[in-house]
Amino acid sequence: MANCAEYIWIDGADPTPRLRSKTRILELPENPTPADFTPWNYDGSSTYQAPGKDSDLGLQPVYVACDPLRGPGNFLALCEVLDAEGTPHETNNRARLRQVLNAGGTQHDPWIGFEQEYTLYRGRDPLGWPQGGYPGPQGPYYCGVGSRQVFGREFVEAHTKACLDAGLMIYGTNAEVLPAQWEYQIGPRGFKGDDNDPLKICDQHWIARWLLWRVGELFDVEPSLENKPVKGDWNGSGQHANFSTKDMRDPRKGLKTIEDAIASLALTHAAHIASYGAGLSERLTGLHETSSIHEFRHGIAHRGASIRIPRQVHEKRCGYIEDRRPGANADPYLVTMMLIKTICKIAL
Ligand code: ADP
Ligand code: MN
Ligand code: MN
Ligand code: MN
């Protein structure tokens, strides 16, 4: 049987990479694995990744999901980008995460869950905003209901269904503080069959992002991952990263391990900020539920902190921490790589 496979990869746009994809018709078995998808190539000179005179780059499928748009028998194949020698291209951050996992990270059984905030646009304005103007001030929009409170719910519903049909570990969604701003979460849910491997969660997160734009085409909306889409007294968009290790989840050593992790993060603040997305200083101002980019702070249930310990985690003395610093446009592979490297003390 001939099947459609959408090969998806991350380009070399600077400072914020974007997604690209193209279609290949393949003859596939019923439940294919990445190895069933033939390696492919593309023109890296058109994706800011290679010069024209030496432009062929390789696509190595590494994660496969069902294609919720084309339906049964069709697949989305997320790929790593390889250079001419077949080694990871310099823009391939997934390979960097693999390296940290293989250098000892995996032994700590790390889990990661992301909260992806984004803003919907139609034309030049956020969806539902008066043309060239502003809606009423922030307040009624977060988790709101009603056509004056939220803009784009039909899109969000369609995106959520697409993620579920693709078999992604979507955790939930909510309307955000800025009108036309939304969030989806992806990561550990406590389900029996779920695989919490951080590499897989990040792969799924990138596919969920691809689906944002793909489903956006159907609704004539353009999702933006900009950190500070609207200047002034309006919330920016973040990508809180929730992180735990085996020891953090262990009731006997959880709180102590969490305290050690926070002490390590305090020492590496600048390096983490450098890997947490472009233009972060516009968002991490100390206002709008953020901590200042220049300070490292932590606190229980504290939404103005760099690291928040959720209240129920403190009460149970085990669980996870929330790194509130990553911007909406950060690369989840890099964020996860940095958290494992710092907290699990991986020397490369
Ligand atoms: P918030 O209260 O900050 O809005 P959300 O409810 O939006 O948090 O998202 C919670 C996130 O935490 C989800 O992505 C979920 O997968 C993740 N998560 C839950 N438990 C763990 C854990 N033990 N380790 C890592 N991530 C976790
Ligand atoms: Mn959230
Ligand atoms: Mn949020
Ligand atoms: Mn959060």
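### Re the coordination of the manganese ion (ligand 3)
Surrounding the manganese ion (ligand 3) are the protein donor atoms E117 (OE), E176 (OE) and E183 (OE), at 2.1 to 2.2 Å. Each donor residue of the manganese ion (ligand 3) belongs to the same chain, with the gaps between them written as E-x58-E-x6-E. Between the two metal centres, the manganese ion (ligand 3) and the manganese ion (ligand 2), the spacing is 3.9 Å, with E183 acting as a shared donor. Taken as a pair, E117 in strand β6 (residues 111–122) and E183 in strand β9 (residues 181–186) lie far apart in primary sequence, 66 residues in all. In this pair, the class of E117 matches that of E183, namely buried.

### What to know about the domain arrangement of the protein
When the domains of the protein are assigned, the result is domain 1 (2–91) and domain 2 (105–343). Taking only C-alpha atoms into account, the centre of domain 1 sits 26 Å from that of domain 2. Taken together, the contact pairs 15 residues of domain 1 with 19 residues of domain 2. Of the roughly 1600 Å² buried at the junction of domain 1 and domain 2 (both faces included), carbon and sulfur atoms supply 77%. Of all residues in domain 1, L19, Y63 and L69 bury the most surface against domain 2, accounting for 35% of the area lost on that side.

### A word on the sheet that holds strand β4 (residues 56–66)
Backbone hydrogen bonds are what pair the strands of a sheet, in a parallel or an antiparallel way. An order of β2-β1-β5-β4-β3 is seen for the five strands of this open sheet, with the pairing classed as mixed. With partners counted over all chains shown, the strands left at the sheet margins are β2 (19–27) and β3 (40–43), one partner each. Taken pair by pair, the neighbouring strands of this sheet meet at an average axis angle of 40°, ignoring direction. In terms of strand pairing, strand β1 (residues 2–10) meets β2 through nine bridges, oriented antiparallel. The residue of β2 that forms the bridge with I8 is S21. The strands touched by helix α3 (residues 198–219) are β1, β2, β4 and β5 (75–82); relative to β5, the strand with the most contacts, the crossing angle is about 115°.

### Brief notes about a negative patch on the surface
Where like charges cluster on the molecular surface, the negative patch consists of D43, D54, D56 and E85. Tracing the chain through its elements places D54 in the loop between β3 and β4.

### Re the site of ligand 1
The environment of ligand 1 is formed by 16 residues, the closest being E183, P188, S244, R308 and E322. Between ligand 1 and N242, the relevant distance is 3.3 Å, taken from a nitrogen atom to a main-chain nitrogen or oxygen of the residue. Relative to its free-state accessible area of 590 Å², ligand 1 is covered by the protein chains to the extent of 83%. When residues of the shell around ligand 1 are traced back to their parent elements, those giving at least two are β6, β9 and β11 (239–244). Among the elements that make up the shell around ligand 1, the one with the highest residue count is β6 (four residues).

What counts as what
Residues numbered from 1 in each chain as written. Chains lettered and ligands numbered in written order. Predicted model: local features only at pLDDT ≥ 70, side-chain atom pairs only at ≥ 80, totals over all residues. Heavy atoms only, no water. Donors = N, O, S within 2.8 Å, 3.2 Å for Na, K, Ca; no water. Helix = DSSP H or I, 4+ residues; strand = E, 2+ residues; numbered from the N terminus. Buried < 20%, exposed > 50% of the residue type's maximum accessible area, 1.4 Å probe, protein only. Domains from an automatic or database assignment. Contact = heavy atoms within 4.5 Å. Buried area = accessible area lost by both parts, 1.4 Å probe. Pairing = 2+ DSSP bridges. Axes fitted to C-alpha atoms, helices over the stretch in contact; angles between N-to-C directions. Patch = residues over 30% accessible without salt bridge, like charges linked within 9 Å, V, L, I, M, F, W, Y side chains within 5 Å. Areas by Shrake-Rupley, 256 points an atom, 1.4 Å probe, with all protein chains shown as cover. Salt bridge = Lys/Arg side-chain N within 4 Å of Asp/Glu carboxyl O. Lys, Arg positive; Asp, Glu negative; His and termini not counted. Charge placed at Lys NZ, Arg CZ, Asp CG, Glu CD. Near = heavy atom within 4 Å. Polar contact = N/O pair within 3.5 Å; in protein donor to acceptor, adjacent residues only side chain to side chain.

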